[in-house]
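# Reading the structure
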Amino acid sequence: MNDHVLYSVSVDYAEKKRYADDTFGHGTHVTGILAAVGNNGKGIAGLIGDAPIDILPIKVLDRYGVGGDFEIAKGVKYALDHGASVINLSLAGQGETEVLKAIIEEAVKRGVHVVAAAGNSHMATTNVYPASYPGVITVAAINRQQAPLSISNYGWEVDVSAPGDFLWSTYISGYRTMRGTSMATPHVSALLAVLRATYSEEDALQLRKRLWKTAKDVHWRGYDMYTGYGMIQWQQALALSAPLGIDWLNLQPGQPIEKNRTYILALSSPFVGKQGHLFVNGKLVCSFNVDREMMSFRLFDLMKQQGDVAVVITDEKRVIASDVRATPIRPTPFSDVKKTYWAYSDILQAQQLGMIRGYGDGTFRPNNPLTRRESIVMLARLFDWEAPSLLSAPFVDVPLTTTNALLVATAAEKGIVKGTGGKALLHEQVTRGELALLLARALQLENESIRSAYPFQDVKQQDVWKAVQLLAERGIVAKAPYFHPNERVTRAEMCAIMVRVSTLIRQYSTKSA
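Here's what I pulled together on the structure shown here. (Residues numbered from 1 in each chain as written. Predicted model: local features only at pLDDT ≥ 70, side-chain atom pairs only at ≥ 80, totals over all residues. Heavy atoms only, no water.)

Across all of its chains, the model carries 16 aromatic pairs by this definition. Geometrically, the ring pair formed by Trp156 and Tyr223 is stacked, given 6.1 Å between the ring centres and 10° between the ring planes. One end of the pair, Trp156, is in the loop between strand E7 (137–142) and strand E8 (158–163); the other, Tyr223, is in the loop between helix H5 (204–214) and helix H6 (234–239), and 67 residues separate them in sequence. Trp156 gets classed as partly exposed once you look at its relative accessible area, which sits at 25%. Taking relative accessible area as the criterion, Tyr223 reaches 9% and is therefore assigned buried. Their ring planes at 15° and their centres at 6.5 Å tell us that Phe383 and Trp385 sit as a pair that is stacked. What makes Trp385 buried here is its relative accessible area of 9%. Ring-pair connections join several aromatic residues into one group, and the members of that group are Trp156, Trp212, Tyr223 and Tyr229. Here the basic side chain of Arg176 rests over the ring of Tyr171, its NZ or CZ set 4.8 Å away from the ring centre. Across from the ring centre of Tyr199, 3.8 Å away, lies the NZ or CZ of Arg210, which sits over that ring. (Phe/Tyr/Trp six-rings, centres within 6.5 Å; stacked < 30°, edge-to-face > 60°. Helix = DSSP H or I, 4+ residues; strand = E, 2+ residues; numbered from the N terminus. Buried < 20%, exposed > 50% of the residue type's maximum accessible area, 1.4 Å probe, protein only. Lys NZ or Arg CZ within 6 Å of the ring centre and 35° of its normal.)

Here is the structure:
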């Protein structure tokens, strides 16, 4: 190990020795992943390299890898008392205890990162601790193909994932390979330690969000219970501009709301004293004063339903922070969309991309006319809109207490939805001409020039004609003699168009990268 390991102030709560002398080997392996000496022609190089980071060894497991929550709690307290900013817990067991819960809660309140292994029993993390305590950063393991490691635990408690398959590292006498979430956990601890050293002005919430926002999606699209937000990425996390410090400590995207559970919203200190607003499916259900950095909510009592959850923090009406969580739903076949249907593949793809969800009875109703409300919701999911910069109702018929009001406010602020006579008229059906205008605005094509005009013979309105031309050039609408601008758009047709737009966005992103 390199000089970063502070052996002289180490402590042993397992076998009561003077210093933390590893008699099991597991701790030495984990520490090697963190701090093994590099450039010496043997073994591995630790992840922290030459960064100004010290490691305080604390032994809480005995020579058989066994230890109790009382010893672990004492170890966490010792780390806190000695100024630790990241606590690596490459251990897991079943059952909750007040002694460990209380000290971890204290660590989280102090802004100390507690990073814990998800466990290696290929079981749900629901009753696995310390992984399941709110605020703990829980790490799953992936293999060399970036797929979930077969033994790794899974569940809503998983935050991120890291390599954990047969990793070579230091051992009691020499080197050896080991596998599991214990090996994945120090990858995350090392990155957080380097981030804290690099961005000392950022708080713990902001550094957590760096991991979430830059993780590589390696399993199901978006957050999933096997890899969390994805595999951590060092360069991207270090390069990200400072994220906002707002995060749910025990609620993940897509997680069902439980009836008797308290959910904890954590906020950076500058937001204390501001106004908070909780939206469900874009509908304002609760406003509150932010009076502390961790606030508790019984979401089930507030929501009365499952759906997207958004928290918006305002200073007066100006939005200064937001956390918008779309609720992805695992795709299941729509009962009324057969494989022979003309838009089957488009509907399936739109569903897999999270742009559509269908109705509660398992239908999609593809031939139904598309309403303005539905078009805004689908576009918001396609373009992944965040909250508006001002929290106000832009249309008299869409107060903030209306379903999807938050999305409508964003669409209006972006100039995508302009309304008629101060009204959004969300219940009205969308024509092909109106949809062309919405898409051109959403894609920011309004100031683009037309390279080669196609004679759409039935498009007379100038702004619609330009929008149709620009969309046709990009393959989003077909180049046909007639566009039929006054015809109603069906839900199936919207899916086909959104899939084409999604492809265009991906192509543009690839070229830009």
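With respect to the helices and strands, the residue His113 is situated in strand E5 (residues 113–117). Other than its neighbours up to four places away in sequence, His113 contacts Ser85, Val86, Ile87, Ile137, Leu192, Arg196, Ala204, Leu207 and Arg208. (Contact = heavy atoms within 4.5 Å.)

Attention now moves to the sheet that holds E8. Pairing in this open sheet of 4 strands is parallel, and the strands run E3-E5-E7-E8 from one edge to the other. Two strands lie at the open edges of the sheet, namely strand E3 (86–89) and E8, each paired on one side alone. Shown here is a sheet whose adjacent strand axes are inclined to one another by a mean of 30°, direction ignored. Bridge count between E7 and E8: 5 bridges; the pairing is parallel. Bridging across to E8, Val139 finds its partner in Val160. The strands touched by H5 within the sheet are E5, E7 and E8, with E5 carrying the most contacts at an inclination of about 40°. (Pairing = 2+ DSSP bridges. Axes fitted to C-alpha atoms, helices over the stretch in contact; angles between N-to-C directions.)

For helix H12 (residues 462–473), built from 12 residues, the straight-helix expectation of 16 Å at 1.5 Å per residue is met to within 8% by its first-to-last C-alpha distance of 17 Å. Listing the buried residues of H12 in full gives Val464, Ala467, Val468, Gln469, Leu470, Leu471, Ala472 and Glu473. Buried residues in H12 make contact with helix H11 (432–442). Positive phi shows up at Gly475, right after H12, with a value of about 75°. (Expected span 1.5 Å × (residues − 1).)

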